[in-house]
Amino acid sequence: MTSSGSTGQVFKKMKSLSEIETTAKRASKAAGFSWGESEEIGKCIRQLEMFGLPGVKHLNYYFRDKENNTYENLSLINVSNSSSPNPYCPIILGISFLDQLKILENYEKIYFTNIAYPIIFLSFLSRSSEIIGKKINVKFDKKEILLNLNVNIYSNFLNIEFPKNSKNLEISFIENKDNFNENEWESLYKLSENTFVEETDSLKKSAAGAGLTDND
Amino acid sequence: MKVQLRDPNKIMRLSRLGSFHQSKLSFLRSFLNEFKDWEYKRDLFNLDRFGYGEAVYSFRKNKRTYSLVCFANKIKDDERSDRVIATKWDAAFTLHDGVPNQKDIDRLKNEVPRQEVGRLSFKELTLSRANKSVRVFNHVVERLSEGKQPDLELLSNVGYLYRTTAVYGSGKFGLADRFRIKNREEINGPFRLEMMLVYLVRQFTFDQVNHVAHHKNPSKAVVLDRKICKNLGIGNSTGLGMAPFIVNHPTLLNNWVMSREIALKKIREIKIVKKKDSVLFIDCIKKSITNITSWNTDSEYQQNKIKNLLKDIKKFIHFIDNDFDFEDEYPFNQIYLWLDEKACEECIEYVVSIMMEPYDEITNPLVSQMSSEEDKYFTIPTNRTVKDLINIIEKKYSNILEINFKKKQNTQNFWFISKNKEEPRLADRFEEGGSELEQPLAIARDVKKLHKKLLDTKNSSTVAEFLSKNSKLRHIVRRAFIVEKFPYSEIQDNTIGKNIMPIDMLRLKLSFFGALKFDPRSDKWLRICMFQGAPLPDELKNYDEQWVYRTSI
């Protein structure tokens, strides 16, 4: 449903993020999660939708499938984690990841096999990235996703349907470092110097600290 | 001299919170202060002779415009209801971000009068509806059309022409999410846009009543006297929908109460009070008596509170006039200590509010601290230990740990969301069904559960380890870490006990809105009045800041 507005733009009848969060929270409680877990789910689905990712859709899929399928609840995460034959529940896995983050960030890489609805798990990883102040790289099924401090999610998934299951998923924490090399920086810095003015000797003499003994 | 902030274990009890009064920190007063130099305009007034149609009012400054779009509708008397189950109202309103064009108005005309079942867009900021006080509205129309002013006694008994029955914001029904507008300086205070809506609605009610009176008798009708207009506000019926809000927004609650407490502390720490400040304080106290004597309610509970307030205020005035010298050092501290010993809670908080009147330099900086970035405090610090958590609970919830939840009366009630209106409700756990769907608002009971469970856990365990085995307590663990940082974030009382007065929770929130004349209609809903005595929009550039204590009807 649409209608047009003051600037001639067309208004889609949207749900607000606040409605999405509240409804996802209540639905999660109704699906059997505790209130505290449901609060986490509400926040994560809101975040996915804000990033333009299909959070509501996949949460619906998950709740629908949960009635007929069994999911494994992993509460203690290790470097390598495998679930067979039932996939991991992305919510319990996500909450465990958040809760154990201080330990997990010490690992270079963390591996998971068989996660249901990995997009839901991604939203927890995105929040984790913000909490520890490091970008997180996720690789699964030939796809790569960069979780950037919960400010955005960068991926080559655009316009591709998110899978309902991830066979192999690899997580690595990216140490904070520049995205450019020293030459690239020098080149830019040199250009910026063209906005500076050469100081005369007389100006130098009256600048801050002038006339004082630096050893006083 | 350093004065300590008041103890949250005392201030955050429901009986104390239910005695709070409006002050300079209240949102409707800080709204007026912020928008006093904005340009006010009535942009559209397209009503038929009976007062039905559309109107638009705006505030603008530089390139920013906020427009109230009003739709006045004809409804039958038997369709008029203040209850949330109503589906039709005398008028419906939305605050539009910008200047609405005809297409916007046409779009909104299809949505706004339908309220909860309509759909708004991110260009709309708040949504509301209101019903006439038919008795007062018709009386005013009748008298004005005869060329006379209305009966002041009748107006005094009611205080408004219309009362709103809900004001929605922050993303409800498709309205703009808070994050879209949060960086605007002029709305850096809670509920500022809701206050704007109510304030402009008030002006619409005056314009509408004048319009209808004029068309009833064009040759004879007069307009409602400006002084009478000023002494009329907007009524509001408020039910339990408001109560969970203060539980669900702990850091926001903290920031409201903390601002009040910091203001009081700073005022008590003033060593020498200037003559002009003490004169203003005493003047406000004395003039405010009208607000008490014209405070009408059928509620026996509130009548007793008003009676005690009036008695104690008179005692206080006698003390100030006869046994007190403002030239002594730390006079406001002395006043506070006197009140704490001799006055009821309603009177203590009443005078605390008035103490702020002379001190813009204290209150103004606090106004901008009354919002909260709640998401910042959402993450549980799961690397902390169980011992840490036990210490927090024992220090911050000492009153609550004394409650015995094995006694039936202490778990008598439960909070739930009604299926038909998606509104919070309270019911008797032992008589009504649905307690298995209880909302997480029984904080005291859950804190006690958490404490017991923690005592059975190894002290050195991390909170992460604890939560992996006790996920049902996750919501309360989060709260405990919030209250560690935000001492006024938690109601220090049992919200499900047999004797709970939910209206105390409503009163707390409404006092921060700036409401006057709380009129409980039961223990679960009340009526209030907002903006009574406030300047009219065309007077905002130069108005009396103490208007709230100068009402004359």
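Residues numbered from 1 in each chain as written. Chains lettered and ligands numbered in written order. Predicted model: local features only at pLDDT ≥ 70, side-chain atom pairs only at ≥ 80, totals over all residues. Heavy atoms only, no water.

### Observations concerning the overall build of chain A
- For chain A, the helix and strand inventory stands at eight helices and eight strands.
- Burial analysis of chain A (216 residues in total) assigns 44% to the buried set.
- Contacts in chain A between residues far apart in sequence, at least 24 positions, make up 63% of those at least 6 positions apart. (Helix = DSSP H or I, 4+ residues; strand = E, 2+ residues; numbered from the N terminus. Buried < 20%, exposed > 50% of the residue type's maximum accessible area, 1.4 Å probe, protein only. Contact = heavy atoms within 4.5 Å.)

### Focus on the layout of surface pockets
- Put simply, the second largest pocket is a space of about 500 Å³.
- Forming the boundary of the second largest pocket are 19 residues, of which Arg-26 and Ala-30 of chain A together with Ile-417, Leu-437 and Gln-439 of chain B lie nearest the centre.
- Going through the elements one at a time, helix 1 (17-30) of chain A together with strand 8 (413-417) of chain B are the ones with two or more residues in the lining of the second largest pocket.
- Per element, the largest residue contribution to the lining of the second largest pocket is five residues, and it comes from helix 1 of chain A.
- Across the lining of the second largest pocket, the residue classes break down as seven nonpolar, five polar and seven charged. (1 Å grid on protein atoms, 1.4 Å probe; cavity = no way out; pocket = protein on both sides within 12 Å on 5 of 7 lines; lining within 4 Å. Points joined across faces, edges and corners; volume = space filled by probe spheres on them. Nonpolar A, V, L, I, M, F, W, Y, C, P; charged D, E, K, R; others polar.)

### Quick look at the confidence of the model for chain A
- Averaged over chain A, the pLDDT score is 89; the fraction of residues at 70 or greater is 89%.
- Within chain A, strand 1 (residues 2-4) of chain A has the poorest average pLDDT of any element, 46, and helix 4 (residues 90-99) of chain A the best, 97. (pLDDT = per-residue confidence, 0-100.)

### Comments concerning the packing of helix 2 (residues 35-50) of chain A against helix 3 (residues 55-66) of chain A
All names here are of chain A.
- For the pair helix 2 and helix 3, interaxial distance at closest approach is 8 Å and the crossing angle is 135 degrees. With respect to each other, helix 2 and helix 3 are oriented oblique. Of the residues in helix 3, those touching helix 2 at Ile-41, Ile-45, Leu-48 and Glu-49 are Gly-55, Val-56 and Leu-59.
- Looking at the contact of helix 2 with helix 3 residue by residue, the class counts come to five nonpolar, one polar and one charged. (Axes fitted to C-alpha atoms, helices over the stretch in contact; angles between N-to-C directions. Parallel < 35°, antiparallel > 145°, perpendicular 65-115°, else oblique.)

### What to know about the pairing of strand 7 (residues 152-155) of chain A
All names here are of chain A.
- In this sheet, strand 7 lies alongside strand 6 (residues 143-148) in antiparallel orientation, the contact comprising four bridges. Of the residues in strand 7, the one forming a bridge with Ile-145 is Ser-155.
- Hairpin geometry of strand 6 and strand 7 is characterised by an intervening segment of three residues between the two adjacent antiparallel strands and by a positive phi of about 55 degrees at Leu-149. (Pairing = 2+ DSSP bridges.)

### Remarks on a negative patch on the surface
- Negative charge collects at one region of the surface, where Asp-178, Glu-182, Glu-186 and Glu-193 of chain A lie side by side.
- Structurally, Asp-178 of chain A is set in the loop between strand 8 (165-174) and helix 7 (182-192). (Patch = residues over 30% accessible without salt bridge, like charges linked within 9 Å, V, L, I, M, F, W, Y side chains within 5 Å. Areas by Shrake-Rupley, 256 points an atom, 1.4 Å probe, with all protein chains shown as cover. Salt bridge = Lys/Arg side-chain N within 4 Å of Asp/Glu carboxyl O. Lys, Arg positive; Asp, Glu negative; His and termini not counted. Charge placed at Lys NZ, Arg CZ, Asp CG, Glu CD.)

### Things to note about empty space enclosed by the protein
Residue and element names in this part refer to chain B.
- Under the counting rule described, the total for this entry stands at six cavities of 30 Å³ or more.
- Each pocket or cavity is described by its volume, and for the largest cavity that value is around 140 Å³.
- Secondary-structure elements contributing two or more residues to the lining of the largest cavity are helix 15 (345-355) and strand 10 (516-520).
- Its residues placed into classes, the lining of the largest cavity shows seven nonpolar, four polar and one charged.
- The calculated volume of the second largest cavity comes to roughly 60 Å³.
- Ile-246, Val-247, Leu-253, Ile-443, Ala-444, Arg-479, Ser-489, Glu-490, Ile-491, Asp-493 and Thr-495 are the residues that line the second largest cavity.

### Details of unusual backbone geometry
- Of note, the bond from Ser-84 of chain A into Pro-85 of chain A is cis; its omega dihedral lies within 30 degrees of zero at 0 degrees.
- Considering the arrangement of structural elements, one finds Pro-85 of chain A in the loop between strand 3 (80-82) and helix 4.
- Notably, Tyr-117 of chain A is not glycine yet its phi reads approximately 40 degrees, a positive angle.
- Summarising the element assignment, Tyr-117 of chain A is placed in the loop between strand 4 (109-116) and helix 6 (118-132).
- Overall, Tyr-117 of chain A belongs to the buried group, its relative accessible area being 2%.
- Positioned with a positive phi, Tyr-330 of chain B is a non-glycine residue whose angle comes to about 45 degrees.
- Its place among the elements puts Tyr-330 of chain B in the loop between helix 13 (300-322) and helix 14 (331-342).
- Look at Tyr-330 of chain B and you get buried, because its relative accessible area is 16%.

### Quick look at the pattern of salt bridges
- Counted by the stated rule, this structure contains 62 salt bridges over all chains.
- Of the charged contacts, one joins Lys-61 of chain B and Asp-37 of chain B as a salt bridge, the two residues approaching to 3.3 Å between their closest N and O atoms. Here Asp-37 of chain B lies in the loop between helix 3 (27-35) and strand 1 (39-47) and Lys-61 of chain B lies in strand 2 (residues 53-61), a separation of 24 residues in the sequence.
- Among the salt bridges present, the one from Asp-538 of chain B reaches Arg-226 of chain B, with a minimum N-O distance of 2.7 Å. Residue Asp-538 of chain B is located in the segment after strand 11 (526-530), and its partner Arg-226 of chain B is located in helix 8 (residues 226-230); the two are separated by 312 residues in the primary sequence.
- Connected through salt bridges with shared partners, the residues Glu-39, Glu-40, Asp-99 and Arg-127 of chain A together with Arg-474 and Arg-478 of chain B form a single ionic network.

### Observations concerning the interface of chain B and chain A
- On the chain A side, the residues contacting the 39 residues of chain B number 30 residues.
- Here chain B meets chain A over a buried area of about 2,800 Å², counting both sides, of which 51% is carbon and sulfur.
- Connecting chain B to chain A are six salt bridges.
- The partner of Arg-119 of chain B in a salt bridge is Glu-19 of chain A, with the nearest N and O atoms 2.5 Å apart.
- Applying the counting rule to chain B against chain A returns 18 residue pairs in polar contact (both at pLDDT 80 or more).
- Going through the elements one at a time, helix 4 (102-111), helix 20 (463-469) and helix 21 (474-485) of chain B are the ones with two or more residues in the side of chain B that touches chain A.
- Tallied by class, the residues present in the side of chain B that touches chain A amount to eleven nonpolar, 13 polar and 15 charged. (Buried area = accessible area lost by both parts, 1.4 Å probe. Polar contact = N/O pair within 3.5 Å; in protein donor to acceptor, adjacent residues only side chain to side chain.)

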